[in-house]
Amino acid sequence: MEFTIDHKVGDTISWDVNYTDDLGGVVDITSYEIKCQARLKDNKEVLLFDLTSVGTEPTIDKYDAINGNFRIVVDTTDFTVARYVVDIQYKLGSLIKSSETFELNIYEDVR
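Bear in mind that the values here come from a model prediction, so they are computed numbers and not experimental data.

Novice: Which parts of the structure should I look at to understand the pairing of strand E3 (residues 33-40)?
Specialist: Moving residue by residue along a regular strand, the side chains alternate between the two faces of the sheet. As paired strands, E3 and strand E7 (residues 82-92) are joined by 8 bridges and run antiparallel to one another. Paired with Gln 37 across the two strands is Asp 87, which belongs to E7. Strand direction decides the pairing type here: E3 and strand E4 (residues 47-52), joined by 5 bridges, are antiparallel. The partner of Lys 35 across the bridge, within E4, is Thr 52. Joining the antiparallel neighbours E3 and E4 is a turn of 6 residues.

In structure tokens form, the structure reads like this:
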């Protein structure tokens, strides 16, 4: 795992992401389908969330697609405290590329 993001249950996840090519150049993601999944680290059968940039209610907002910028926003109110693995997948036609897998550590809120 490249890195871990710690996040408290009940706080909204809001990740601003900039997709670039392997050399760091800007990529226009207007025609890309973007997906993001999180699964329980110790049991990959357990899905925490499955988001997409396509469909009638996209859950990934390509707010500045020409410059490769998009936002992932997730309500964590009903999340279970645990460690999850996450990646982001980019698809353009038959070309598919995925981000490095990272960990999402959901920890309890003190109320």
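Novice: How do you make sense of the environment of Lys 62 when you look at a structure like this?
Specialist: Note on placement: Lys 62 falls in strand E5 (residues 60-64). The residues touching Lys 62, leaving out its near neighbours within four places in the chain, are Ile 29, Thr 30, Ser 31, Tyr 32, Ile 34, Ser 53, Asn 69 and Phe 70. Polar contacts involving the side chain of Lys 62 include one to the main-chain carbonyl oxygen of Ile 29, which spans 3.2 Å. Among the polar contacts listed, one links the side chain of Lys 62 to the backbone oxygen of Tyr 32, at a separation of 2.7 Å.

Novice: Sorry, what's going on with the packing of aromatic side chains here?
Specialist: The description of two aromatic rings rests on the distance between their centres and on the angle between their planes. This model, assessed by the stated rule, comprises 6 aromatic pairs. Ring centres 3.9 Å apart and planes at 25° place the aromatic pair Tyr 19 and Tyr 90 in the stacked group. One end of the pair, Tyr 19, is in the loop between strand E2 (13-18) and E3; the other, Tyr 90, is in strand E7, with 71 residues separating them in the sequence. Among the residues examined, Tyr 19 registers a relative accessible area of 11% and is labelled buried. What links up through ring pairs into an aromatic cluster is the set Tyr 19, Tyr 32, Phe 70 and Tyr 90. The ring centre of Tyr 63 lies 4.2 Å from the NZ or CZ of Arg 71, which sits over that ring.

Novice: Even after reading the chapter, I still don't get the sheet that holds E2, so can you show me in this structure?
Specialist: The strands that make up a sheet pair up through hydrogen bonds in the backbone, lying either parallel or antiparallel. Spatially, 3 strands are ordered E2-E6-E5 in an open sheet, and the strand pairing comes out antiparallel. Edge positions in the sheet fall to E2 and E5, since each has one partner strand and no second. Geometrically, the sheet is characterised by an average inter-axis angle of 25° between neighbouring strands, direction not taken into account.

Here is what the cut-offs are and how they apply
Residues numbered from 1 in each chain as written. Predicted model: local features only at pLDDT ≥ 70, side-chain atom pairs only at ≥ 80, totals over all residues. Heavy atoms only, no water. Pairing = 2+ DSSP bridges. Helix = DSSP H or I, 4+ residues; strand = E, 2+ residues; numbered from the N terminus. Contact = heavy atoms within 4.5 Å. Polar contact = N/O pair within 3.5 Å; in protein donor to acceptor, adjacent residues only side chain to side chain. Phe/Tyr/Trp six-rings, centres within 6.5 Å; stacked < 30°, edge-to-face > 60°. Buried < 20%, exposed > 50% of the residue type's maximum accessible area, 1.4 Å probe, protein only. Lys NZ or Arg CZ within 6 Å of the ring centre and 35° of its normal. Axes fitted to C-alpha atoms, helices over the stretch in contact; angles between N-to-C directions.

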